[in-house]
Amino acid sequence: MMYSNQEIMDMIEDEDVEFIRLQFTDLSGSLKNVAITKSQLKKALDNKCIFDGSAIDGFTRTEESDMYLYPDTSTFNIFPWRPQQGKVARFLCDLHNSDGTQFEGDSRFILKKVIKEAAEMGYRFNAGPECEFFLFHTDDYGNPTNISHENAGYFDLSPNDLGENARRDMVLNLESMGFEVLASHHAVAPAQHEIDFKYDEALKTADNIMTFKLTIKSIAKRHGLHATFMPKPKSGINGSGMHINMSLVKDGKNVFRDDNDKNGLSKEAYSFIAGIMKHIKGMSIITNPLVNSYKRLVPGYEAPVYIAWSTTSRSPLIRIPSLRGENTKIELRCPDPSANPYLVLAVCLAAGLDGIKNNLVPPENVEENIYEMTQEKRDSLGIESMPENLCDAIAKFEEDEFIKNVLGEHISNNYIDAKKKEWQEYRAQVTDWELERYLNRY
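Note that this is a predicted model, so its numbers are computed, not measured.

Draft legend 1. The overall build of the protein chain, seen in detail. If you tally the helices and strands in the protein chain, you get 12 helices and 16 strands. Against the compact-globule benchmark of 22 Å for 442 residues, the protein chain has a radius of gyration of 22 Å, which places it among compact chains. By residue count, 53% of the 442 residues in the protein chain fall in the buried class. Across the protein chain, the fraction of contacts at a sequence separation of at least 24, relative to all contacts at a separation of at least 6, is 70%. When the accessible surface of the protein chain is totalled, it reaches about 20,600 Å², and 47% of it is carbon and sulfur. Across the protein chain, the mean location of the 50 positive side-chain charges is 0 Å away from that of the 67 negative side-chain charges.

In structure tokens, the structure reads:
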């Protein structure tokens with residue numbers, strides 16, 4: 001709900017709010033903020049709060065560093081886990097240059113641009129995430145570890161699920177902030193959890209993902225735990241994904257629905273799938289942005305490796321969940337929760353619209369378990385693989401002019417530079433695996 005400035009000021013007075021956090025998301029998907037007291041609220045609502053953009057990686061050069069925070073009043077929320085006297089509230093903000101223009105490096109702005117393009121075609125883009133995370137112990141100094149004493153598995157409950165009380169507290173806090181939580185449960189790996197909340201329009205969903213991650217980390221810390229959205233914090237177990245369920249609505253109806261089709265899918269749905277499949281290699285640096293992301297995308301751990309789609313099997317990249325009719329959705333299974341959600345939804349929507357505009361047709365759906373196929377059979381079906389590592393993903397991104405254009409020159413160039421640096425730093429490391437395998441042998 002969009003509030004007027006006066007309504008915001010009245011709520012802050014009535015609720016005894018003393019501190020306001022002006023939050024924004026950097027290029028990597030990390031949440032940043034500037035904290036002000038309520039005495040500075042009018043200045044903030046008049047879009048006069050400045051911060052040094054040159055201090056944020058991938059933003060601006062020193063000589064053009066002043067940036068302005070424009071609070072989005074629809075994102076106003078009070079943190080329920082903070083003190084109840086002298087409360088803490090927040091706004092998510094858009095970033096503007098000193099001349100008032102919107103900053104091209106603001107990932108929230110990039111998503112807004114693609115949403116506007118969809119709206120001009122008559123579409124509303126809805127998205128719902130399935131966010132997984134791990135709860136680990138901290139050491140004696142409060143630093144995070146990847147250690148847990150529990151060995152619970154999928155849908156297990158207390159006493160095996162040692163994170164149940166923390167997860168319950170997380171759900172209650174999310175609901176008090178306006179989330180409609182659909183389900184929460186222990187995930188497949190020990191210490192892994194999932195909390196799903198209701199889909200919404202894409203910008204609201206991306207905002208919700210950022211709020212969700214902050215809430216999960218904050219409540220975990222109150223329980224003496226560390227919550228991590230790192231895709232693969234331990235070898236030999238499942239990593240954490242952030243599956244994205246997507247649909248398009250036009251004139252109040254789900255565009256992906258066609259009750260006369262054998263799969264219940266419309267022509268637009270097939271083209272949307274084809275658009276994502278066409279661009280997924282170039283998108284992977286956005287949906288799976290870390291060196292560690294590609295440790296999750298390996299066979300044997302329920303994460304997609306092969307570029308295909310299915311109405312039943314969970315092995316391909318894209319799955320069509322069983323609910324059809326007005327609930328028809330396209331589920332993209334590769335994204336992980338380390339990704340910047342604004343950029344993820346922007347490239348997903350843009351790729352899908354590209355498929356619709358060009359009447360692209362996907363290959364036949366694959367209902368078999370692709371992992372169990374021979375390479376010869378996969379080749380015969382034209383099933384290609386996702387990039388195997390960050391280096392491959394960088395190369396595919398550089399080749400995809402369409403995806404680079406969606407993100408714009410500023411983000412594309414800064415993102416490539418950052419990821420090449422990350423890959424080079426990783427390549428220079430000597431890992432424990434190498435020491436264990438080679439030190440004694442050679």
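Moving on from the coordinates now.
Draft legend 2. Here's a closer look at empty space enclosed by the protein. Under the counting rule described, the total for this entry stands at one cavity of 30 Å³ or more. If you trace the largest cavity, you find it lined by Q23, F24, T25, L92, C93, D106, S107, R108 and Y342. Mapped by element, the contributors of at least two residues to the lining of the largest cavity are β1 (17-25), β5 (87-97) and α3 (107-120). The dominant element in the lining of the largest cavity, judged by the number of residues it contributes, is β1, at three residues. Residue composition of the lining of the largest cavity, by class: four nonpolar, three polar and two charged.

Draft legend 3. The arrangement of the environment of S98 in detail. Along the chain, the position of S98 falls in the loop between β5 and α3. Residue classification places S98 among the exposed residues on the basis of a relative accessible area of 56%. Linking S98 and G325, residues 227 residues apart in sequence, is a C-alpha distance of 48 Å. Aside from chain neighbours lying at most four places away, what touches S98 is D66 and Y68.

Draft legend 4. Quick peek at the environment of I286. In this fold, I286 is placed in helix α6 (residues 267-287). Here the alpha-carbon distance between I286 and V361, two residues 75 residues apart in the chain, equals 24 Å. Discounting chain neighbours no more than four positions away, the residues touching I286 are A339, L343, V344, V347, L407 and Y415.

Draft legend 5. Up close: the pattern of salt bridges. The final tally for this structure, using the stated rule, is 25 salt bridges. Across the pair K357 and E117 runs a salt bridge whose closest N-O atoms are separated by 2.2 Å. With K357 in helix α8 (residues 341-357) and E117 in helix α3, the pair connects residues that are 240 residues apart, well separated along the chain. Take K357: its relative accessible area is 45%, and that puts it in the partly exposed class. Given a relative accessible area of 27%, E117 falls into the partly exposed group. A single network of salt bridges, built from pairs that share partners, joins D72, D94, R108, K112 and D207.

Draft legend 6. A look at the pairing of β1. Taken together, the six bridges between β1 and β5 define a ladder with parallel strand orientation. Its bridge partner lying in β5, Q23 is registered against L92.

Draft legend 7. Here's a closer look at the state of the cysteines. What the rule picks out here adds up to zero disulfides. With no disulfide of its own, C49 lies closest to C93 among cysteine sulfurs, the gap being 8.2 Å. Note on C334: no disulfide assigned, nearest cysteine sulfur contributed by C348 at a separation of 7.2 Å.

Draft legend 8. Examining the packing of aromatic side chains more closely. On inspection of all chains with the given rule, the structure shows 17 aromatic pairs. On the numbers, 5.9 Å between centres and 55 degrees between planes, the contact of Y306 with Y371 is tilted. Taken together, the positions of Y306 in strand β13 (residues 306-310) and Y371 in the loop between α8 and α9 (375-380) put the pair 65 residues apart, joining distant regions of the chain. Judged by relative accessible area, which is 24%, Y371 ranks as partly exposed. An aromatic cluster is built from F133, F179, F197, F212 and F229, whose rings are joined through pairwise contacts. One cation-aromatic arrangement involves K213 over F229; the distance from NZ or CZ to the ring centre is 5.6 Å. Its end group placed over the ring of Y415, K419 keeps NZ or CZ at 5.6 Å from the ring centre.

Quick notes on the rules
Residues numbered from 1 in each chain as written. Predicted model: local features only at pLDDT ≥ 70, side-chain atom pairs only at ≥ 80, totals over all residues. Heavy atoms only, no water. Helix = DSSP H or I, 4+ residues; strand = E, 2+ residues; numbered from the N terminus. Rg over C-alpha atoms; globule rule 2.2 N^0.38 Å. Buried < 20%, exposed > 50% of the residue type's maximum accessible area, 1.4 Å probe, protein only. Contact = heavy atoms within 4.5 Å. Areas by Shrake-Rupley, 256 points an atom, 1.4 Å probe, with all protein chains shown as cover. Lys, Arg positive; Asp, Glu negative; His and termini not counted. Charge placed at Lys NZ, Arg CZ, Asp CG, Glu CD. 1 Å grid on protein atoms, 1.4 Å probe; cavity = no way out; pocket = protein on both sides within 12 Å on 5 of 7 lines; lining within 4 Å. Points joined across faces, edges and corners; volume = space filled by probe spheres on them. Nonpolar A, V, L, I, M, F, W, Y, C, P; charged D, E, K, R; others polar. Salt bridge = Lys/Arg side-chain N within 4 Å of Asp/Glu carboxyl O. Pairing = 2+ DSSP bridges. Disulfide = S-S within 2.5 Å. Phe/Tyr/Trp six-rings, centres within 6.5 Å; stacked < 30°, edge-to-face > 60°. Lys NZ or Arg CZ within 6 Å of the ring centre and 35° of its normal.

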